[in-house]
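Structural overview for review
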Amino acid sequence: MKSNRGNQAVTRTQVAIGIVLIVIVVCAIVAYLYYYPPSPPPEEEEEIVFRWSSGDTIMTIDPCICYDYPSTITVQNIYDPLFMPSEEPPFEPIPWVAESYDVSADGLKYTIRIRKGLKFHDGTEITAEDVAFSMERFLLMKTGHARFWLGFVENINVIDDYTVEFELSRPHNALIPSFTKLLIMNKDLLLENKREGDYGEYGDLGRAWLAEGHDAGSGPYMVVSYSPDEGVELVKFEDYWKGWKPNQIDRIIIKVITEEATNKMLLAAGDLDMLHAFLSPTTYLELAELPGIEVSHGPTINWEPICMNTRKPPLDDVHVRRAIMYAIDYEAIVTNVFPYGEIGSSIIPPGVFGHNPNIPK
């Protein structure tokens, strides 16, 4: 009869060794975690949302139609212009989608070279074809800021993928500044979504599609939703060519709230971050007294002119006009009617080319 004692002894030895190894591994893990504690999981960055009251209907998000204040503010967050006004007076135009340009000696040809690698929101690259089409769309529709180019721009020539040439019928000394209003649109995307319309092979130029809340832009923000009477929601375009910095706005919510009392209440409650710029002077004064609210004021390009027909008596007499000037209490107006205003020195407001601060107020 055979004994199993030897096998049992071997088994106990193996168990003992195993226990020792487990203890060593556990000790090693504890020591490692003590000296090299695990990094905490990255915290999710909180989305930064900016809420603004437009104060009025956002009539359109079509760059070739927009003209009113709420629509223009909205559209310029969705589309990139060919040139951009500089941030400081006198707001000189600087190349944006454009990279550089040349003007012929006779002032009738403008050759614009555009940046390479700029993307529309659908991921396709901006080319000279898109720049040419954007100008052509303005000229065909004859709406919005097309008045800057109607009667001047005669031909649009695409030289290569990144060069476009504008031929003029006559010199236009404000053409480059006007290009700050030439918002660049995605030609292929608009024509893919065209419907029957008044523009021949271009159909309706994508007007109905844009009116439904779509966009064909390359700007910092993309359209999430749009309703003329309710507002617009925009979200940042991650691949925007200018890039993003920490704490920049992720989402913009523009609400159409027309009642001034409601605007004031929502701002005071923290449900809005900013109001539009056309409130009554009384509201500005009241808001300035509320904690956490800043009423910003300073020189702008807004002005309130007093107009006169100088071809009809008695205003055709310079002495009568001077008498009116002396009779008007300008100080009372800027104190009581426009409490954040200042007395102007000419019909051209500060910050606009041609303003002369040396003219007597």
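Up top is the structure these notes are about.
A quick note: this is a predicted structure, and the numbers were derived from the prediction, not measured. (Residues numbered from 1 in each chain as written. Predicted model: local features only at pLDDT ≥ 70, side-chain atom pairs only at ≥ 80, totals over all residues. Heavy atoms only, no water.)

1. Side note on the overall build of the protein
Here is the rule we go by: Labels follow the DSSP assignment, with helices taken as runs of H or I lasting at least four residues and strands as runs of E lasting at least two, numbered in each case from the N terminus. Remark: exposure states derive from per-residue accessible area (1.4 Å probe, protein chains only) relative to the maximum for the residue type, with buried under 20%, exposed over 50%, and partly exposed in between. Contacts are assigned to residue pairs with any non-hydrogen atoms lying within 4.5 Å of each other. Using a 1.4 Å probe, the Shrake-Rupley method yields the accessible areas, and only the shown protein chains count as cover for residues.
In terms of regular secondary structure, the protein is built from 10 helices and 10 strands. When the 361 residues of the protein are sorted by exposure, 33% land in the buried category. Residue pairs in contact within the protein that sit at least 24 positions apart in sequence constitute 54% of those at least 6 positions apart. Working note: accessible area of the protein is about 22500 Å², and carbon and sulfur atoms make up 56% of it.

2. A look at empty space enclosed by the protein
Counted only if it meets this: Using a grid of 1 Å spacing that covers the protein atoms alone, one calls a set of points a cavity when a 1.4 Å probe fits there but cannot get out, and a pocket when the set is open and has protein on both sides within 12 Å along at least five of seven lines; lining residues are those with an atom within 4 Å of a point. Grid points are joined across faces, edges and corners, and a volume is the space filled by probe spheres set on the points. Amino acids outside the nonpolar list (Ala, Val, Leu, Ile, Met, Phe, Trp, Tyr, Cys, Pro) and the charged list (Asp, Glu, Lys, Arg) are all regarded as polar, and Gly is one of them.
A full pass over the atoms with the stated rule returns one cavity of 30 Å³ or more. Each pocket or cavity is described by its volume, and for the largest cavity that value is around 40 Å³. As for the largest cavity, its lining consists of Pro63, Cys66, Thr72, Gln76, His145, Lys181 and Leu183. When the residues that make up the lining of the largest cavity are grouped by side-chain class, the tally is three nonpolar, three polar and one charged.

3. Description of unusual backbone geometry
In this chain, Pro313 is followed by Pro314 through a cis amide linkage whose omega measures 0 degrees. Tracing the sequence through the fold places Pro314 in the loop between helix 8 (281-288) and helix 9 (318-327). Even without a glycine there, the phi angle at Asn247 is positive, about 70 degrees. Within the element layout of this structure, Asn247 appears in the loop between strand 9 (231-236) and strand 10 (251-255). Relative accessible area serves as the criterion here: at 70%, Asn247 is assigned to the exposed category.

4. Quick notes on the side chain of Arg251
Just so we agree on the cut-off: Under this definition, polar contacts are N or O atom pairs within 3.5 Å; protein pairs additionally need one hydrogen-donor-capable and one acceptor-capable atom, and for neighbouring residues in sequence, both atoms have to be side-chain atoms.
Looking at the secondary structure, you find Arg251 in strand 10. Polar contacts involving the side chain of Arg251 include one to the side chain of Glu233, which spans 2.7 Å. If we skip the residues at most four places from it in the chain, Arg251 touches Glu47, Ile48, Val49, Phe50, Val224, Glu233, Leu234 and Val235.

5. Some remarks on the sheet that holds strand 9
The condition is simple: A strand pair is defined by DSSP finding two or more bridges across the two strands. Lines are fitted to the C-alpha atoms to define the axes, a helix being fitted only along its stretch in contact, and any angle between axes, read from their N-to-C directions, falls within 0 to 180 degrees.
Pairing is mixed in the open sheet, where four strands are placed in the order 1-10-9-8. Looking at the sheet topology across the chains shown, the edges are occupied by strand 1 (49-53) and strand 8 (221-227). Each strand axis lies, on average, 15 degrees off the axis of its neighbour in the sheet, ignoring direction.

6. A few points about the nonpolar core
Our working definition: Definition of nonpolar core: a set of buried residues of the types Ala, Val, Leu, Ile, Met, Phe, Trp, Tyr and Cys, connected through side-chain atoms within 4.5 Å.
By size, the foremost hydrophobic cluster in this structure holds 55 residues, and its most contacted members are Leu82, Ile112, Trp149, Phe166, Phe179 and Leu182. At eight residues, helix 3 (residues 128-141) tops the list of elements feeding residues into this core. What Phe179 contacts, discounting residues up to four positions off in sequence, is Pro81, Leu82, Phe83, Ile112, Met135, Trp149 and Phe166. Formed by 10 residues, the second largest nonpolar core is a distinct cluster that contains Ile257, Leu266, Leu267 and Ile293.

7. Quick notes on the packing of aromatic side chains
Put simply, the rule reads: Classification of ring pairs uses Phe, Tyr and Trp, with its six-membered ring standing for Trp, and accepts pairs whose centres are within 6.5 Å; under 30 degrees between planes counts as stacked, over 60 as edge-to-face, and the remaining range as tilted. Put simply, a charge is over a ring when the Lys NZ or the Arg CZ is close to the ring centre, within 6 Å, and near the line of the ring normal, within 35 degrees.
All chains considered together, the criterion is met by 12 aromatic pairs. Ring geometry for Trp52 and Tyr69: centres 6.1 Å apart, planes at 70 degrees, overall edge-to-face. Of the two residues, Trp52 sits in strand 1 while Tyr69 sits in helix 2 (residues 69-75), which places them 17 residues apart along the sequence. Judged by relative accessible area, which is 31%, Tyr69 ranks as partly exposed. Here the basic side chain of Lys236 rests over the ring of Trp244, its NZ or CZ set 5.1 Å away from the ring centre.

8. Focus: the pairing of strand 8
When strand 8 meets strand 9, the two strands line up antiparallel, connected through six bridges. Its bridge partner being in strand 9, Tyr221 is matched across the sheet by Lys236. Linking strand 8 to strand 9, which pair antiparallel, is a turn of three residues.

9. Some remarks on the pattern of salt bridges
Stated precisely, the cut-off is as follows: Every case where a carboxyl oxygen of Asp or Glu lies within 4 Å of a side-chain nitrogen of Lys or Arg is listed as a salt bridge.
Under the counting rule described, the total for this entry stands at nine salt bridges. In this structure, Arg251 engages Glu47 in a salt bridge whose closest nitrogen and oxygen atoms are separated by 3.0 Å. Here the residue Arg251 occupies a position in strand 10, and Glu47 occupies one in the loop between helix 1 (5-35) and strand 1, the gap between them amounting to 204 residues. Glu47 gets classed as partly exposed once you look at its relative accessible area, which sits at 40%.

10. Digging into the packing of helix 7 (residues 260-269) against helix 8
Between two packed helices, what matters for the description is the angle formed by their axes and the separation of those axes. To be explicit about the condition: An angle below 35 degrees is treated as roughly parallel, one above 145 as roughly antiparallel, one from 65 to 115 as roughly perpendicular, and anything else as oblique. A clockwise turn of the near helix away from the far one marks a right-handed crossing, whereas an anticlockwise turn of less than a right angle marks a left-handed crossing.
Their axes nearest at 11 Å, the elements helix 7 and helix 8 cross at an angle of 15 degrees. What the angle tells us is that helix 7 and helix 8 run roughly parallel. Here helix 7 and helix 8 pass one another in a crossing that is right-handed. In contact with Glu260, Lys264 and Leu267 of helix 7, helix 8 contributes Thr283, Glu286 and Leu287.

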